[in-house]
Amino acid sequence: MTLPEALKEIPGTTLFDGRQAMKGYALNKMCYSFNSAANREEFQRDEEAYCTKYGLDAAQREAIRSRNVLGLIAAGGNVYYLAKFAGILGLDVQDLGALQTGMTKEQFKARLLAQR
Amino acid sequence: MAQIIGSVTTSHVPAIGRAIARNLQADPYWKPFFDGFAPVHRWLREAKPDVVVIFYNDHGLNFFLDKMPTFAVGAAAEYRNADEGWGIPEVPPFKGEQKLAWHLIEQLIARDFDLTTCQEMVVDHALTLPMALLWPDHERSGWPVRIVPVCINTVQFPLPSAKRCYALGEAVGEAVRAWKSDERVLVMGTGGLSHQLDGERAGFINKDFDLQFMESLVHDPRWATQYSIHELVEKTGTQGVELLMWLAARAALGNGPVKRVHQNYHIPISNTASGLMLLEPAAR
């Protein structure tokens, strides 16, 4: 019986595997709670208290505080749950793309168009 | 016996929901995408499916990381859409086809697929948007079909392999064709094509691969099963791996020849290379 081999890294890509899923559980659980409008409002009333309620660690809290998308991913966030946090901020996936690649949204959109 | 009349595979980008809500179908950005569905609408009027078996992936509406099934089959009487947190309008509920659902569950488990079965399930944009694209009049006239959702995990790695998803689709197809009923069944697969939302590689698209993949579904449907999940992520992006749903849907058509009725491919819709294919068994 052979076990799966260690895989070579894909640049600029974090696979959401067991390691990330364990690390990010509290953060993702908080973001999953944002499916509910009442929870979104509770978060917006007091972000720090809401992060405490879900048990976020220091790195996760800082990444939430600073809206640091790459930081949220490094802290175990999964993009599908993070999208619900982005929704609260009024950001779409192109905004997220721009934030992660250091581009403006217009530059990011132009990059997508260039791949036609 | 029931008959599989064809397969429709399409992207399911959330922005499509916003475009529908704002009536942007004729907007220059959206027109090349929405126009792609006109031939599918014409085909559906003739083909008149009764039931849809739809392969899709949940994005954190029904399933969270507390319990993450690899393959889940819905066996509910009704499926509702719900708030996903970023505000696209909800669609009316769908009627479930429970007899076929349990038939599939029995047949698949007999063939060693260890399924999760769900008698309650909320369905997200990956199911609702493709349905809305196929039946844009649903707000007025309701959904003309009953559904069986089949959810494949693409959230948490390890994901099931392309080979396994193909085998799942194949088994679903055989089970549908062995279902004692006169129903006309359409198979759908939603997601893809190449895109990546997360990381510094966000915005990655691979047109060459997508076109080769679409072509393979006509002539060499197992082509993509040569790749590992890791290779598929590398070639298509972390979300491009949703082509697994396309593979399962294509496999359900069986190993005989298929006819390509229609195909559309357009870059970009939001961050995604959008694809659409309508296939039917050639000996219809």
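Just so it is clear, the model here is predicted, and its values are computed rather than measured.

1. Section: the overall build of chain A
Link 1 in the chain: In terms of regular secondary structure, chain A is built from nine helices and zero strands.
Link 2 in the chain: Classification of the 116 residues of chain A by burial places 37% in the buried group.
Link 3 in the chain: Contacts in chain A between residues at least 24 apart in sequence constitute 58% of all its contacts with a sequence separation of at least 6.

2. Concerning the interface of chain A and chain B
Link 1 in the chain: Facing 37 residues of chain A, the contacting portion of chain B comprises 31 residues.
Link 2 in the chain: Counting only elements with at least two residues in the side of chain A that touches chain B, the list comes to α2 (25–33), α7 (79–88), α8 (93–101) and α9 (105–113) of chain A.
Link 3 in the chain: When grouped by side-chain class, the residues that make up the side of chain A that touches chain B number 20 nonpolar, 13 polar and four charged.

3. Observations concerning unusual backbone geometry
Residue and element names in this part refer to chain B.
Link 1 in the chain: Cis geometry marks the peptide bond from F157 to P158, where omega comes out at 0°.
Link 2 in the chain: Relative to the elements of secondary structure, P158 occurs in the loop between β7 (146–152) and α7 (162–177).
Link 3 in the chain: In this chain, I267 is followed by P268 through a cis amide linkage whose omega measures -10°.
Link 4 in the chain: Inspection of the secondary structure assignment puts P268 in strand β9 (residues 258–269).

4. Section: the sheet that holds β9(B)
All names here are of chain B.
Link 1 in the chain: If you trace the eight strands from one edge of the open sheet to the other, you get β6-β3-β7-β2-β8-β1-β10-β9, paired in mixed fashion. The open sheet terminates on both sides in strands that have one partner only, identified here as β6 (116–118) and β9. The average undirected angle you get between the axes of adjacent strands in this sheet is 15°.
Link 2 in the chain: In the sheet, strand β1 (residues 3–10) pairs with strand β10 (residues 272–281) via four bridges, with the strands oriented antiparallel. Considered in β10, the bridge of T10 is made with L276.

5. A few points about the packing of α8(A) against α9(A)
Residue and element names in this part refer to chain A.
Link 1 in the chain: Where α8 contacts α9, the axes come no closer than 8 Å and their chain directions differ by 100°. Taken together, the axes of α8 and α9 are roughly perpendicular relative to one another. The segment α8 lies against α9, with Q94, D95, G97, A98 and T101 engaging K105, F108 and K109.
Link 2 in the chain: Its residues placed into classes, the contact of α8 with α9 shows two nonpolar, three polar and three charged.

Conventions and cut-offs
Residues numbered from 1 in each chain as written. Chains lettered and ligands numbered in written order. Predicted model: local features only at pLDDT ≥ 70, side-chain atom pairs only at ≥ 80, totals over all residues. Helix = DSSP H or I, 4+ residues; strand = E, 2+ residues; numbered from the N terminus. Buried ≥ 20, exposed ≤ 12 C-beta atoms within 10 Å, placed from the backbone. Contact = placed C-beta atoms within 7 Å. Nonpolar A, V, L, I, M, F, W, Y, C, P; charged D, E, K, R; others polar. Pairing = 2+ DSSP bridges. Axes fitted to C-alpha atoms, helices over the stretch in contact; angles between N-to-C directions. Parallel < 35°, antiparallel > 145°, perpendicular 65-115°, else oblique.

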